[in-house]
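Now for the letters of each chain:
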Amino acid sequence: PVEATTESQRFYAEFARVFGDDLPVVQVSIGGNRIVGRVCVGNRYGLLVPSITTDAEIAAISQGVPPNVRVHRVEERLSALGNCIVCNDS
C-alpha cells in the first residue's frame, strides 16, 4: 500500500514489519496531502493516482513499488479515486 508521510516513523516501521514481505510500503504524499488511501487505488499490476499527483511523487512511488507495477496519473477531475474505483488482481 501507499501510505502518507507523517511524523510517526514507528507507524511505518511497524507497518513494514507486518506487511513488508508482501506489500511495499512507500512514504509519500499525493498532491501534498497525507490522505493517500482516498485518492489512489491499485493492485499488484498498477496504481492509479489523481491528476494532483506531482511528478516527484510519482517518481517516489515508482521507486518504491516492484518494477512490474505501473503507476498512472489519471487526468480527470475526480481526485478520490480510492473512493470511486475498486481494483482486484483478476
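First, a word on what this report is: a plain description of the structure on this page. (Residues numbered from 1 in each chain as written. Predicted model: local features only at pLDDT ≥ 70, side-chain atom pairs only at ≥ 80, totals over all residues. Heavy atoms only, no water.)

Some points on helix α2 (residues 55-64)
Where α2 is concerned, the buried positions are Glu57, Ile58 and Ile61. End-on, the buried residues of α2 take up no more than an arc of 100 degrees, which puts them together on one face. Summarising the geometry of α2, the exposed residues directed more than 90 degrees from the buried face are Asp55, Ala56 and Gln63. Those residues of α2 that are buried are in contact with β2 (26-27), β4 (46-50) and β5 (70-74). (Buried < 20%, exposed > 50% of the residue type's maximum accessible area, 1.4 Å probe, protein only. Helix = DSSP H or I, 4+ residues; strand = E, 2+ residues; numbered from the N terminus. Arc of directions from axis to C-beta. Contact = heavy atoms within 4.5 Å.)

As for a nonpolar patch on the surface
Residues Val18, Phe19 and Leu23 make up a contiguous nonpolar surface patch of about 240 Å² in total accessible area. With respect to the secondary-structure elements, valine 18 resides in helix α1 (residues 9-19). (Patch = residues over 30% accessible without salt bridge, like charges linked within 9 Å, V, L, I, M, F, W, Y side chains within 5 Å. Areas by Shrake-Rupley, 256 points an atom, 1.4 Å probe, with all protein chains shown as cover. Salt bridge = Lys/Arg side-chain N within 4 Å of Asp/Glu carboxyl O.)

Here's the deal with the side chain of serine 29
Looking at where serine 29 falls in the secondary structure, it is placed in the loop between β2 and β3 (41-42). Exposure remark for serine 29: the relative accessible area of 18% places this residue in the buried category. Among the polar contacts listed, one links the side chain of serine 29 to the side chain of glutamate 57, at a separation of 2.8 Å. (Polar contact = N/O pair within 3.5 Å; in protein donor to acceptor, adjacent residues only side chain to side chain.)

Thoughts on the side chain of glutamate 57
Here glutamate 57 shows up in helix α2. Look at glutamate 57: it is buried, it has no salt bridge, and the nearest opposite charge is arginine 73 at 7.2 Å. From its side chain, glutamate 57 meets the backbone nitrogen of threonine 54 in a polar contact 2.9 Å long. Excluding residues within four positions of it along the chain, glutamate 57 makes contact with Val28, Ser29, Ile30, Gly31, Gly32 and Ile52. (Lys, Arg positive; Asp, Glu negative; His and termini not counted.)

Considerations on the packing of aromatic side chains
To describe a pair of aromatic rings, one takes the distance between the centres and the angle between the planes. Per the stated rule, a full pass over the model turns up one aromatic pair. Aromatic side chains phenylalanine 15 and phenylalanine 19 sit 4.9 Å apart centroid to centroid with 50 degrees between the ring planes, which places their arrangement in the tilted category. Taken as a pair, phenylalanine 15 and phenylalanine 19 lie in helix α1 at a separation of four residues, close to a single helical turn. (Phe/Tyr/Trp six-rings, centres within 6.5 Å; stacked < 30°, edge-to-face > 60°.)

Description of the pattern of salt bridges
Taken as a whole, this structure holds four salt bridges when the rule is applied. The salt bridge involving arginine 44 is made with aspartate 89; its shortest N-O contact spans 2.9 Å. Of this pair, arginine 44 sits in the loop between β3 and β4 while aspartate 89 sits in the segment after α3 (81-84), placing them 45 residues apart in sequence. Across the pair aspartate 55 and arginine 73 runs a salt bridge, and its minimum N-O distance is 2.7 Å. Of the two residues, aspartate 55 sits in helix α2 while arginine 73 sits in strand β5, which places them 18 residues apart along the sequence. Relative accessible area serves as the criterion here: at 22%, arginine 73 is assigned to the partly exposed category.

The quantities given are spatial measurements derived from coordinates; they are silent on function.
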